[in-house]
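Each chain is listed here by its residues.
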Amino acid sequence: MSDIATPGTTADEHGHDLGDLELPNGRPAPAPLPHEPRRADVDPKAARRAERQVSTMFIVASLLVLAFLAAYIGIDKNVVIALPVIGTMSASNLALGLTLGLALFLIGAGAIHWAKKLMPDIEVVQERHILESSPTDREEAISVFQAGATESGFGSRKIIRRSLITSLVLLPLPLVIILRDMWVTPSDSPSPNELLSETIWTEGERIVTDGSYRPIRPEDIPVGGLVNVVPASLEKVEEAEGTLNARAKAASILVRMTPAEIRSQQGGSAEEPWDVQGILAFSKICTHVGCPISLYQQRTHQLLCPCHQSTFDLADSAKVVFGPAARRMPQLPITVDSEGYLVARSDFQEHVGPSFWEQGAS
Amino acid sequence: MNSMAARRRHPATLVVMLLLGLLATGAIYAAVDSGTSAQAADQKWSETQVETGKKLFAEGCSSCHGLGGQGSSIAPTLIGAGSAAVDFQVSTGRMPLAAPGSQAPVKGVIYSQAEIDAMAAWVASLAPGPAVPSDAMLDTSKADLAMGGELFRTNCAQCHSFAGKGGALSDGTAAPTLMNATPRQIYTAMVTGPASMPVFSNATLTIEDKQSIIKWISSLQANDNPGGLSLSRLGPVTEGLFVWVIGLGALIIVAIWIGVKAK
Amino acid sequence: MSAVVKAGGALAEYTDERLGIAPFMKRSLNKVFPDHWSFMLGEIALYSFIILLLSGTYLTLWFKPSMTEIVYNGSYVPLDGVKMSEAYASTLNISFDVRGGLLMRQIHHWAALFFLVAMTVHMLRVFFTGAFRKPRELNWVMGAGLLTLGILEGFAGYSLPDDLLSGTGLRIAEGIVLAIPILGTWLSFLLFNGEFPGLDFIPRLYTVHVLLIPGIILALVTVHLMLVWHQKHTQYPGPGRTEKNVVGFPLLPVYMAKAGGFFFVVFGVTTLMAAIITINPIWAFGPYTPDQVSAGSQPDWYMGWLDGAVRITPNWEWNIGNYSISWNIFLPAVVLAGAIFTALGAYPFIERWATGDNREHHILDRPRNAPTRTALGVMAIGFYGMLWISGGNDIIATTFDLSINTITYVLRVAVFVVPPIIFIITKRICLSLQRRDHDKLLHGIESGNILRTPEGEFIEIHLPLGDKEKAKILGKVDHVPIALESGVDENGVANPKGRTARLRAKFSHWFYGDNVYLPTAAEIEAAEAHAAHDYHEQHAVIDDFRGLEITSEPVLHSPAIGGHESNPHQH
């Protein structure tokens, strides 16, 4: 207790040296303010009132905990309650949360109120001790360390030291290399850039609506129309693979504009055009970081990504007109099959989705 | 059962069944195909409606769209726009437009439904186009809500957001909120593609699909929030704002209370 | 002494007989903690972390970290029959089929937001008050580490339910990994066990979220608190406070009751928010599939700046031979983020080098008294704010009816222009506050009341400075910039260390050069004597004035004018 002193009283009685009360700028520190008693310190009635307030909070908290139990048992999880502003919400969530939350809050508020009103509020002064050790202690510690280090021969036996360091440097390698099979790669697996560069679209693959898997005829799409599409074989592929990997690359959109509005396309010739009567197919996966985009603004023919606002002009080879994307949206060459349904001419000619290091090699 | 089986063997059965099958297919096709149904639905307009509509159009719309609805340098042609386009644009208050701009703002509706119908009838009489739906087409009682959610997320959420609250488009335009859209407006918007919105034809998004979507949007409008206050359903932005301002604010008030000396 | 207290004593005796911890206990229970609301911000972070551990443990009882596709048939009708991952279905199950499950989820998510908010504001408090200075640099570095881990933990956490929003976030994260030069493609394939999204990422992320990161955070928090304990808390300048003491309340009972109570308050407020406010309504987002997206897709607030940086970076991509560097992604998401956290962790060392200040500091700086640091901090907040706004550019565009393209163009410039302006303004404000403090010490507080002396002179009444205020101002340390040493030695040979020294001196001047020094003790004394004289004179005038006021009072009540004869000095 010797390092505790009470401000407002003469420091000598507590063995506290007032000479210490100096600020770092060399000025004497202003003296501590005298303690002002609270109402509860001088008036027993006020103290009893504070006691009542604190205990009331704790009692109400107990009741709320019981109410929580009652709500848990009594309120069915499917019951909803209509409230102003909020709308319809789960009655169980509301009741459980309010009872538990208020109980917790009151326990906390009670404890704080107790501390503020009834526990001593005289500030105490505690001395700080200099954190660094005394020079002797430090020197001793260092010499103990140096003696030990010398005895070990770590400094003098170079060959031991170097071989140990070498082995310790090499040791993490197995720990890192063992992570290689985080991608369990079949021996015949294509390389990552090959995988990223191909989708399940192939020549003659029917283009079907996303979600309902209906094949589409050119006349189904009016000018200004948009259809979110996937390859017809996607359902089967997904069933076989059990993943959404194929969908993540093959998702596409069809849009239709009047042929006169199309300023340029990414490929095709007069004999083998990539569009069908103004119907164009593009990848739906943004070339920036891969968000699926179909914010097609039919009047300007712009495709906008809701994630980072990259904008592509679909009437002009889907080139980037705004935003952080660097590459145009790949176009899917399409035609109609013998039954008059839209099909792909081939896979995409450029890789879909975000850019990656080896993309030029694909 | 026996009599049925007996009749089935009758030589004429094959012909009758074929005819019935064709009829049924035709009926279904007529209901599904947008072009056919558009014309079919438009035939219900009366001559008086078309006449009234012509007058109303001449007074309120022709200054931009031309007396014959042929359009002008500042307004598109309405020949082939169909009754659905008129119904959507006028019933949402987008038309008549106060001033030309990239996107028609939603204002107060100034025409009665009867007047809108009349104008729709006149525009429909100019050339076939997407037609306003019949009440039966908007009946969502048998629609699949969950399928509606799937279709909504695939086709609509990218612009109107998961909650139908709308979102930003390029150059100051925006996809509007769907919170006040009626089933009829949702339908007519999908078949006509107003402003930036693309057209979702009845061939690629069938009437049943549209009914499901309408049912889903109606459920979004119902303001069901199992977890409580929705914070405008704007996602993590409003949640973050709330926790910084109200949440942290409340805790700092308590922290100040803790630090203040009691009286 | 009550029975409870006696029993406690007996328990302490029992423990000490076995562990010999009496001296430790004595010291600890007497440990003094200074009282200030801003010292509770770190506690909010600590308590939120405890709430996260508790609520998170509950959630693990039902959550299935699996990406296997199933068809949902639970009680949430709008998603009945929809294909989704088990992770998403089990989160729906927690929300709609487990009683109190939704509450736990919402508590967990609100607590996560609180955790990061509290860490951020706690860090700002420590920064602006210079609490990171010697001897507390290590604790600052640990704090920066905790913040980084907290952000990663939060991102991992909200990605687990595999809903459409968080899945979009994961897709973006994968795109960012792909943009890392040379290693990116392989890293992505390792993380996802092949192509995106695969079946393994969420189970892997789950282990990281519930074991790896919380384990490290727990260990760091423990050391962080042990250091606070060992080094004792800093304190604001004030009466009786010096570099060699701590003024406050002992752990037992006051601090324990207040801090313990505050834990319950934080838990209570979090629970109340979870009771009435929806957070992360994954049922409304729908299950993740890589071909769906929602407008207004945003990350949680603490990732918003990163997303914002990605949004406003122009579309730079280099193609060299067969290889590509996506600067448009790599620069904002990897380089910038790495630079920011490195600068954050290194700041105490940079400042110490620049200022040459090697003393221990236990009394906090008032932000105005370190104008350059404060200006740097506010500038950083400004920069962060610009990125934050960029992250919400679409929401801002629709809310305020602006063009998203214009906002983006403006922000591309503003992110470089606004922070320096903020720096200059903040520094000026700090220096004028210092000047005001200087004047206050000499002339007291300006009351705003102007007096006309009988001689016709106008003077403003200055009131004497309160003891608390005076102590606050006097607690300032006048830093002196490092002197500029000559670049050459006495023989005229260039000093090899000269360049560094000159740079350091320049830096130091930049940091402390504009400092307004406190008046000397003698100046204050003289001013106080003078003020006492002034005060006396002014009061004579004030008394006259008051006398007049009193005499004129009846005018308000009755037309009769009187009281001119009354003593002007009466009160």
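Definitions and cut-offs
- Residues numbered from 1 in each chain as written.
- Chains lettered and ligands numbered in written order.
- Predicted model: local features only at pLDDT ≥ 70, side-chain atom pairs only at ≥ 80, totals over all residues.
- Helix = DSSP H or I, 4+ residues; strand = E, 2+ residues; numbered from the N terminus.
- Buried ≥ 20, exposed ≤ 12 C-beta atoms within 10 Å, placed from the backbone.
- Rg over C-alpha atoms; globule rule 2.2 N^0.38 Å.
- Contact = placed C-beta atoms within 7 Å.
- Pairing = 2+ DSSP bridges.
- Axes fitted to C-alpha atoms, helices over the stretch in contact; angles between N-to-C directions.
- pLDDT = per-residue confidence, 0-100.
- Nonpolar A, V, L, I, M, F, W, Y, C, P; charged D, E, K, R; others polar.
- Core = buried A, V, L, I, M, F, W, Y, C linked by C-beta atoms within 7 Å.
- Expected span 1.5 Å × (residues − 1).
- Domains from an automatic or database assignment.
- Parallel < 35°, antiparallel > 145°, perpendicular 65-115°, else oblique.
- Left-handed = near helix turned anticlockwise from the far one by under 90°.

A. Highlighting the overall build of chain B. Secondary structure summary: chain B contains 12 helices and 2 strands in total. Its helices and strands taken in sequence order, chain B reads α-α-α-α-α-α-α-α-α-β-β-α-α-α from the N to the C terminus. Out of the 263 residues belonging to chain B, those deemed buried represent 46%.

B. Region of the structure containing the overall build of chain A. Looking only at helices and strands, chain A features 9 helices and 15 strands. In terms of C-alpha radius of gyration, chain A reaches 38 Å, well past the compact-globule figure of 21 Å for 362 residues. For chain A, the spread of C-alpha atoms along the principal axes amounts to about 105 × 80 × 45 Å. Counting across all 362 residues of chain A, residues that qualify as buried make up 42%. Sequence-distant contacts, at least 24 apart, represent 58% of the contacts inside chain A between residues at least 6 apart.

C. Examining the sheet that holds strand 9 (residues 295-297) of chain A more closely. Residues and elements named next belong to chain A. A sheet is described by the order of its strands in space; here 4 strands give the open sequence 9-10-11-12, paired in antiparallel fashion. Each having just a single partner strand, strand 9 and strand 12 (319-322) make up the two edges of the open sheet. Direction aside, the axes of adjacent strands within the sheet are offset by 35° on average.

D. Inspection of the confidence of the model for chain B at higher detail. Residues and elements named next belong to chain B. Residues of chain B with pLDDT of at least 70 account for 84%, and the chain-wide mean is 85. Segment residues 1-8 is flagged for pLDDT under 50; beyond a separation of four residues in sequence, or across chains, it makes 2 contacts in the model. This model gives residues 29-40 a pLDDT under 50, and the stretch forms 23 contacts once residues within four places in sequence are excluded. Interface confidence in the predicted complex, given as ipTM, is 0.92; pTM for the same model is 0.90.

E. Molecular detail of the interface of chain A and chain C. In this complex, chain A contributes 86 residues to the contact, which on the side of chain C involves 105 residues. Of all the secondary structure elements, the ones that give two or more residues to the side of chain A that touches chain C are helix 3 (91-117), strand 4 (124-127), helix 7 (192-196), helix 9 (245-250) and strand 12 of chain A. Ranked by residues supplied to the side of chain A that touches chain C, first place goes to helix 3 of chain A with 18 residues. In terms of residue class, the side of chain A that touches chain C is built from 54 nonpolar, 21 polar and 11 charged. Sheet topology places strand 4 of chain A next to strand 4 (residues 245-250) of chain C; 4 bridges connect them, and they run antiparallel. If you follow A:Val124 over to strand 4 of chain C, its bridge partner there is C:Gly248.

F. How the structure looks around the interface of chain B and chain A. Of the residues lining the interface, 32 residues belong to chain B; the matching set on chain A comes to 40 residues. Secondary structure elements with two or more residues in the side of chain B that touches chain A: helix 8 (145-155) and helix 9 (157-160) of chain B. Per-element accounting of the side of chain B that touches chain A gives the leading share, 4 residues, to helix 8 of chain B. Of the residues assigned to the side of chain B that touches chain A, the class counts are 13 nonpolar, 14 polar and 5 charged.

G. Seen up close, the nonpolar core. Counting 263 residues, the largest nonpolar core has A:Ile207 and C:Phe115 as its most contacted members. Of all the elements, helix 5 (residues 101-128) of chain C adds the most residues to this core, at 18 residues. With residues near it in sequence (within four places) discarded, C:Phe115 still touches C:Ala45, C:Ser48, C:Phe49, C:Leu52 and C:Gly150.

H. The environment of B:Ser196, seen in detail. Its place among the elements puts B:Ser196 in the loop between helix 10 (183-192) and helix 11 (207-221). Given 23 C-beta atoms within 10 Å, B:Ser196 falls into the buried group. Through-space distance from the C-alpha of B:Ser196 to that of B:Gln103 is 8.2 Å; in sequence the pair is 93 residues apart. Residues within four places of B:Ser196 in sequence aside, it is in contact with A:Gln297, A:Gln298, A:Arg299, B:Leu169 and B:Thr173.

I. Molecular detail of the sheet that holds strand 5 (residues 207-209) of chain A. Residue and element names in this part refer to chain A. Taken in spatial order, the 5 strands make up an open sheet running 5-6-7-8-13, and their pairing is antiparallel. Of all strands in the sheet, those bounded by a partner on one side alone are strand 5 and strand 13 (331-332). Sheet topology places strand 6 (residues 226-231) next to strand 7 (residues 252-256); 4 bridges connect them, and they run antiparallel. The residue of strand 7 that forms the bridge with Val227 is Leu254.

J. Spatial organisation of the environment of A:Glu36. Position of A:Glu36 among the secondary structure elements: in the loop between strand 1 (4-5) and helix 1 (39-42). With 85 residues separating them along the chain, A:Glu36 and A:Asp121 place their C-alpha atoms 9.2 Å apart.

K. Summary view of helix 3 of chain A. Here helix 3 of chain A is 27 residues long and its end C-alpha atoms lie 38 Å apart, about the 39 Å a rise of 1.5 Å per residue gives. Counting buried residues along helix 3 of chain A, 25 of its 27 residues qualify, which places the element largely inside the surrounding structure.

L. Structural view of unusual backbone geometry. Across the junction of B:Met95 and B:Pro96, the peptide omega takes the value -5°, indicating a cis bond. Mapped onto the elements, B:Pro96 comes out in the loop between helix 6 (82-91) and helix 7 (113-126). Of the consecutive residues C:Leu252 and C:Pro253, the connecting peptide bond is found in the cis state with omega at 0°. By the secondary structure assignment, C:Pro253 is in helix 10 (residues 251-276). If you check the backbone angles, A:His301 has positive phi at about 60° while not being a glycine. Among the structural elements, A:His301 can be located in the loop between strand 9 and strand 10 (302-304). The phi dihedral of C:Lys232 falls on the positive side, at around 65°, and the residue is not glycine.

M. Focus on the domain arrangement of chain A. If you check the domain split of chain A, you get domain 1 (39-117) and domain 2 (195-361). A C-alpha centroid distance of 57 Å is found between domain 1 of chain A and domain 2 of chain A.

N. Helix 14 (residues 371-391) of chain C, seen in detail. Its 21 residues place the ends of helix 14 of chain C 30 Å apart at the C-alpha level, agreeing with the 30 Å of an ideal helix rising 1.5 Å per residue. Burial within helix 14 of chain C is extensive, with 16 of its 21 residues counted as buried.

O. Just the packing of helix 10 of chain B against helix 11 of chain B, in detail. Residue and element names in this part refer to chain B. In the contact formed by helix 10 and helix 11, the axes pass within 10 Å of each other and the chain directions differ by 130°. By the angle class used here, helix 10 and helix 11 are oblique. Helix 10 and helix 11 meet at a crossing whose hand is right-handed. When helix 10 is examined against helix 11, the residues Pro183, Ile186, Tyr187 and Met190 are found in contact with a partner set consisting of Lys210, Ile214 and Ile217. Looking at side-chain class alone, the contact of helix 10 with helix 11 contains 6 nonpolar, no polar and 1 charged residues.

P. Region of interest: the pairing of strand 8 (residues 458-463) of chain C. Residues and elements named next belong to chain C. Of the strand pairs in this sheet, strand 7 (residues 445-452) and strand 8 are connected by 5 bridges, and their pairing is antiparallel. Among the inter-strand pairings, Glu446 is bridged to a residue of strand 8, identified as His462. Here strand 7 folds back onto strand 8, and the loop between the two strands holds 5 residues, one of which, Gly456, carries a positive phi near 95°.

Q. Representation of the environment of C:Phe383 within the structure. All names here are of chain C. Considering the arrangement of structural elements, one finds Phe383 in helix 14. Residue Phe383 is classed as buried on the basis of its 21 C-beta neighbours within 10 Å. Once the C-alpha coordinates of Phe383 and Arg452 are considered, the two residues, 69 residues apart in sequence, prove to be 49 Å apart.

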